[in-house]
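Survey of secondary and tertiary structure
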Amino acid sequence: MTIVRKLHEAGITSEHAYTSAFGSIGLSLASWVISMKAEQAGVARADRWGIFIGEWAPTFFALGLALANYENSTPAEATVRSVK
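Residues numbered from 1 in each chain as written. Predicted model: local features only at pLDDT ≥ 70, side-chain atom pairs only at ≥ 80, totals over all residues. Heavy atoms only, no water.

**Things to note about helix α4 (residues 56-72)**
For α4, spanning 17 residues, the distance from its first C-alpha to its last is 24 Å, which sits close to the expected 24 Å at 1.5 Å a residue. Of the positions making up α4, those classed as buried are A57, G64, L67, A68 and Y70. Viewed end-on, α4 has its buried residues packed into an arc of 160°, placing them on one side of the element. Residues of α4 that are exposed and point more than 90 degrees away from the buried face comprise P58, L65 and N69. (Helix = DSSP H or I, 4+ residues; strand = E, 2+ residues; numbered from the N terminus. Expected span 1.5 Å × (residues − 1). Buried < 20%, exposed > 50% of the residue type's maximum accessible area, 1.4 Å probe, protein only. Arc of directions from axis to C-beta.)

**Comments concerning the environment of I25**
Along the chain, I25 turns up in helix α2 (residues 14-38). Between the alpha carbons of I25 and P58 there is a distance of 9.7 Å; along the sequence they are 33 residues apart. If we ignore the near neighbours within four places in the chain, the residues touching I25 are A57 and F61. (Contact = heavy atoms within 4.5 Å.)

Quick look at the structure:
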């Protein structure tokens, strides 16, 4: 059973994945700003936090695309996939 089908069966849609991707971009910026102001470690640590969280966005976008392709597949294909 594929991961995309499992996610779809769990109720996760492509819109959820896209929203998570844009949210991680915003969270990346917020964590960078907060780290710059709250910590004494300087730019290096703030950059690491921003990059760490920013790396989630491409994964969520890829899941969104995979889910969108699955959602747009014909009902016959979806039935065949669920039988396998």
